[in-house]
Amino acid sequence: MKLKLLAVGTKMPSWVEQGVGEYRKRLPRDFSLEIIEIAPGARGKNADIARAVASEGERMRERLKGTEHLVALEVSGKPWSTEQLAEQAADWRLAGRDVALLVGGPDGIEPGLSARADQRWSLSPLTLPHPLVRILLAEQLYRAWTLLVGHPYHR
Ligand SMILES: C[S@@+](CC[C@H](N)C(=O)[O-])C[C@H]1O[C@@H](n2cnc3c(N)ncnc32)[C@H](O)[C@@H]1O
(Lines give C-alpha, C1' and ligand atoms only; values in the text may rest on other atoms or scores of the structure.)
Protein backbone atom coordinates (compact mmCIF):
# COMPACT_ATOMS: atom_id res chain seq x y z
CA MET A 1 0.00 0.00 0.00
CA LYS A 2 1.21 3.47 -0.82
CA LEU A 3 0.05 6.67 0.82
CA LYS A 4 -0.04 9.96 -0.98
CA LEU A 5 -0.65 13.27 0.64
CA LEU A 6 -2.22 15.81 -1.68
CA ALA A 7 -1.82 19.13 0.08
CA VAL A 8 -2.73 22.58 -1.15
CA GLY A 9 0.26 24.86 -0.70
CA THR A 10 3.70 25.11 -2.21
CA LYS A 11 7.11 26.37 -1.12
CA MET A 12 6.91 25.22 2.47
CA PRO A 13 9.71 26.48 4.73
CA SER A 14 12.72 24.18 5.05
CA TRP A 15 11.78 23.13 8.59
CA VAL A 16 8.57 21.63 7.20
CA GLU A 17 10.46 19.70 4.51
CA GLN A 18 12.89 18.50 7.17
CA GLY A 19 10.16 17.48 9.61
CA VAL A 20 8.10 15.62 7.03
CA GLY A 21 11.24 14.17 5.45
CA GLU A 22 12.40 12.76 8.76
CA TYR A 23 9.28 10.58 9.10
CA ARG A 24 9.01 9.77 5.40
CA LYS A 25 12.48 8.29 5.34
CA ARG A 26 11.66 6.00 8.27
CA LEU A 27 8.67 4.47 6.49
CA PRO A 28 9.18 1.27 4.49
CA ARG A 29 8.48 1.04 0.77
CA ASP A 30 5.17 -0.76 1.29
CA PHE A 31 3.94 2.05 3.56
CA SER A 32 5.57 4.93 1.74
CA LEU A 33 4.29 8.48 1.89
CA GLU A 34 4.44 10.61 -1.24
CA ILE A 35 3.86 14.36 -0.92
CA ILE A 36 2.07 16.05 -3.79
CA GLU A 37 1.79 19.82 -3.52
CA ILE A 38 -1.22 21.43 -5.12
CA ALA A 39 -0.93 25.06 -6.23
CA PRO A 40 -3.42 27.26 -4.37
CA GLY A 41 -6.13 28.99 -6.38
CA ALA A 42 -5.76 32.77 -6.87
CA ARG A 43 -7.09 34.77 -3.93
CA GLY A 44 -6.25 38.34 -4.86
CA LYS A 45 -8.45 41.34 -4.17
CA ASN A 46 -12.03 40.67 -5.34
CA ALA A 47 -11.10 37.09 -6.20
CA ASP A 48 -13.90 34.58 -6.12
CA ILE A 49 -13.13 32.17 -3.25
CA ALA A 50 -15.43 29.49 -4.64
CA ARG A 51 -13.53 29.60 -7.93
CA ALA A 52 -10.19 29.32 -6.11
CA VAL A 53 -11.41 26.28 -4.14
CA ALA A 54 -12.85 24.70 -7.31
CA SER A 55 -9.50 25.09 -9.10
CA GLU A 56 -7.71 23.44 -6.16
CA GLY A 57 -10.21 20.57 -6.33
CA GLU A 58 -9.62 20.27 -10.06
CA ARG A 59 -5.84 20.08 -9.60
CA MET A 60 -6.31 17.45 -6.86
CA ARG A 61 -8.52 15.33 -9.14
CA GLU A 62 -5.85 15.47 -11.85
CA ARG A 63 -3.41 13.84 -9.40
CA LEU A 64 -5.80 11.05 -8.40
CA LYS A 65 -6.12 7.78 -10.28
CA GLY A 66 -9.68 7.35 -9.09
CA THR A 67 -8.96 4.02 -7.44
CA GLU A 68 -7.51 5.33 -4.17
CA HIS A 69 -9.20 5.16 -0.79
CA LEU A 70 -9.83 8.87 -0.12
CA VAL A 71 -9.31 10.37 3.33
CA ALA A 72 -10.21 14.06 3.71
CA LEU A 73 -8.44 15.90 6.51
CA GLU A 74 -11.01 18.17 8.09
CA VAL A 75 -11.44 19.77 11.51
CA SER A 76 -15.03 18.51 11.46
CA GLY A 77 -13.97 14.96 10.59
CA LYS A 78 -13.74 12.00 12.92
CA PRO A 79 -11.02 12.09 15.58
CA TRP A 80 -8.88 8.93 15.76
CA SER A 81 -6.50 7.96 18.52
CA THR A 82 -3.12 6.70 17.31
CA GLU A 83 -4.33 3.14 18.03
CA GLN A 84 -7.45 3.76 15.94
CA LEU A 85 -5.29 5.18 13.17
CA ALA A 86 -3.17 2.03 13.25
CA GLU A 87 -6.38 -0.06 12.96
CA GLN A 88 -7.46 2.09 10.00
CA ALA A 89 -4.07 1.62 8.39
CA ALA A 90 -4.34 -2.14 8.84
CA ASP A 91 -7.78 -2.05 7.16
CA TRP A 92 -6.46 0.11 4.32
CA ARG A 93 -3.67 -2.39 3.77
CA LEU A 94 -6.06 -5.33 3.78
CA ALA A 95 -8.29 -3.61 1.23
CA GLY A 96 -5.29 -3.44 -1.08
CA ARG A 97 -5.93 0.07 -2.37
CA ASP A 98 -3.56 3.00 -2.22
CA VAL A 99 -4.65 5.79 0.09
CA ALA A 100 -4.88 9.48 -0.80
CA LEU A 101 -4.96 11.93 2.11
CA LEU A 102 -6.35 15.33 1.17
CA VAL A 103 -5.38 18.58 2.88
CA GLY A 104 -7.22 21.65 1.72
CA GLY A 105 -6.23 25.26 1.20
CA PRO A 106 -7.13 28.31 3.29
CA ASP A 107 -10.81 27.72 2.56
CA GLY A 108 -10.83 23.98 3.03
CA ILE A 109 -11.20 21.01 0.72
CA GLU A 110 -13.32 21.41 -2.40
CA PRO A 111 -16.83 20.27 -1.32
CA GLY A 112 -17.24 17.70 -4.10
CA LEU A 113 -14.04 15.94 -3.07
CA SER A 114 -14.95 16.12 0.59
CA ALA A 115 -18.32 14.51 -0.19
CA ARG A 116 -16.61 11.82 -2.26
CA ALA A 117 -14.10 10.96 0.46
CA ASP A 118 -14.39 7.51 2.02
CA GLN A 119 -13.36 8.89 5.39
CA ARG A 120 -13.05 12.33 6.98
CA TRP A 121 -10.34 12.54 9.62
CA SER A 122 -9.88 15.28 12.23
CA LEU A 123 -6.44 15.69 13.77
CA SER A 124 -7.77 17.98 16.49
CA PRO A 125 -10.68 20.31 17.20
CA LEU A 126 -8.17 23.12 16.59
CA THR A 127 -7.72 24.53 13.11
CA LEU A 128 -4.08 23.83 12.35
CA PRO A 129 -1.82 25.63 9.86
CA HIS A 130 -0.66 23.71 6.78
CA PRO A 131 2.93 23.20 7.94
CA LEU A 132 1.84 21.60 11.19
CA VAL A 133 -0.80 19.45 9.47
CA ARG A 134 1.89 17.97 7.20
CA ILE A 135 4.32 17.23 10.01
CA LEU A 136 1.66 15.89 12.37
CA LEU A 137 0.25 13.67 9.66
CA ALA A 138 3.66 12.27 8.72
CA GLU A 139 4.55 11.60 12.36
CA GLN A 140 1.23 9.93 13.15
CA LEU A 141 1.43 7.71 10.07
CA TYR A 142 4.92 6.68 11.12
CA ARG A 143 3.71 6.09 14.69
CA ALA A 144 0.77 4.00 13.41
CA TRP A 145 3.16 1.92 11.31
CA THR A 146 5.44 1.31 14.33
CA LEU A 147 2.38 0.05 16.23
CA LEU A 148 1.50 -2.34 13.42
CA VAL A 149 4.97 -3.85 13.32
CA GLY A 150 5.63 -3.83 17.07
CA HIS A 151 8.43 -1.27 16.86
CA PRO A 152 9.20 0.29 20.27
CA TYR A 153 8.80 3.92 19.03
CA HIS A 154 5.19 4.15 20.23
CA ARG A 155 4.63 4.27 23.94
C1 LIG B 1 -5.59 26.25 7.39
S2 LIG B 1 -6.64 24.91 7.22
C3 LIG B 1 -8.08 25.63 6.46
C4 LIG B 1 -9.16 25.89 7.39
C5 LIG B 1 -10.44 26.17 6.66
N6 LIG B 1 -11.11 27.23 7.30
C7 LIG B 1 -11.33 24.94 6.61
O8 LIG B 1 -12.49 25.07 6.88
O9 LIG B 1 -10.85 23.85 6.27
C10 LIG B 1 -6.00 24.06 5.82
C11 LIG B 1 -6.29 22.61 5.78
O12 LIG B 1 -5.60 21.98 6.84
C13 LIG B 1 -6.31 20.83 7.24
N14 LIG B 1 -6.58 20.95 8.68
C15 LIG B 1 -6.38 22.01 9.49
N16 LIG B 1 -6.69 21.71 10.75
C17 LIG B 1 -7.07 20.42 10.77
C18 LIG B 1 -7.50 19.52 11.77
N19 LIG B 1 -7.61 19.89 13.05
N20 LIG B 1 -7.81 18.26 11.41
C21 LIG B 1 -7.71 17.85 10.12
N22 LIG B 1 -7.31 18.67 9.12
C23 LIG B 1 -6.99 19.92 9.44
C24 LIG B 1 -7.57 20.76 6.41
O25 LIG B 1 -7.38 19.87 5.33
C26 LIG B 1 -7.72 22.19 5.93
O27 LIG B 1 -8.43 22.24 4.72
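Above this text is the structure in question.
Residues numbered from 1 in each chain as written. Predicted model: local features only at pLDDT ≥ 70, side-chain atom pairs only at ≥ 80, totals over all residues. Heavy atoms only, no water.

Undergrad: Give a detailed account of helix α3 (residues 82-95), specifying residues and quantitative values.
TA: If you check α3, its first and last C-alpha atoms are 20 Å apart, about what 14 residues at 1.5 Å a residue would give, namely 20 Å. For α3, the full list of buried residues reads Thr82, Leu85, Ala86, Gln88, Ala89 and Trp92. The buried side chains of α3 occupy one side of the element, clustering within an arc of 160° when seen end-on. The exposed residues of α3 that point more than 90 degrees off its buried face are Glu87, Leu94 and Ala95. Buried residues along α3 sit in contact with β1 (3-8), β3 (69-79), β4 (99-103), β5 (119-122) and α5 (130-149). Just downstream of α3, Gly96 is the residue with a positive phi angle, here 75°. (Helix = DSSP H or I, 4+ residues; strand = E, 2+ residues; numbered from the N terminus. Expected span 1.5 Å × (residues − 1). Buried < 20%, exposed > 50% of the residue type's maximum accessible area, 1.4 Å probe, protein only. Arc of directions from axis to C-beta. Contact = heavy atoms within 4.5 Å.)

Undergrad: Describe the site of the ligand, naming the residues involved and giving the relevant values.
TA: Not every one of the 17 residues close to the ligand is listed here, only the nearest: Leu73, Leu123, Ser124, Leu126 and Leu128. Within the backbone of Leu123, one N or O atom sits 2.9 Å away from a nitrogen atom of the ligand. Contact with the protein chains covers 80% of the free accessible surface of the ligand, which is 560 Å². Mapping the ligand onto the cavity grids shows that it belongs to the largest pocket. Broken down by secondary-structure element, the contributors of at least two residues to the shell around the ligand are β3, β5 and α5. It is β3 that contributes the most residues to the shell around the ligand, 3 residues altogether. (Near = heavy atom within 4 Å. Polar contact = N/O pair within 3.5 Å; in protein donor to acceptor, adjacent residues only side chain to side chain. Areas by Shrake-Rupley, 256 points an atom, 1.4 Å probe, with all protein chains shown as cover. 1 Å grid on protein atoms, 1.4 Å probe; cavity = no way out; pocket = protein on both sides within 12 Å on 5 of 7 lines; lining within 4 Å. Sits in = over half its atoms within 2 Å of the grid points.)

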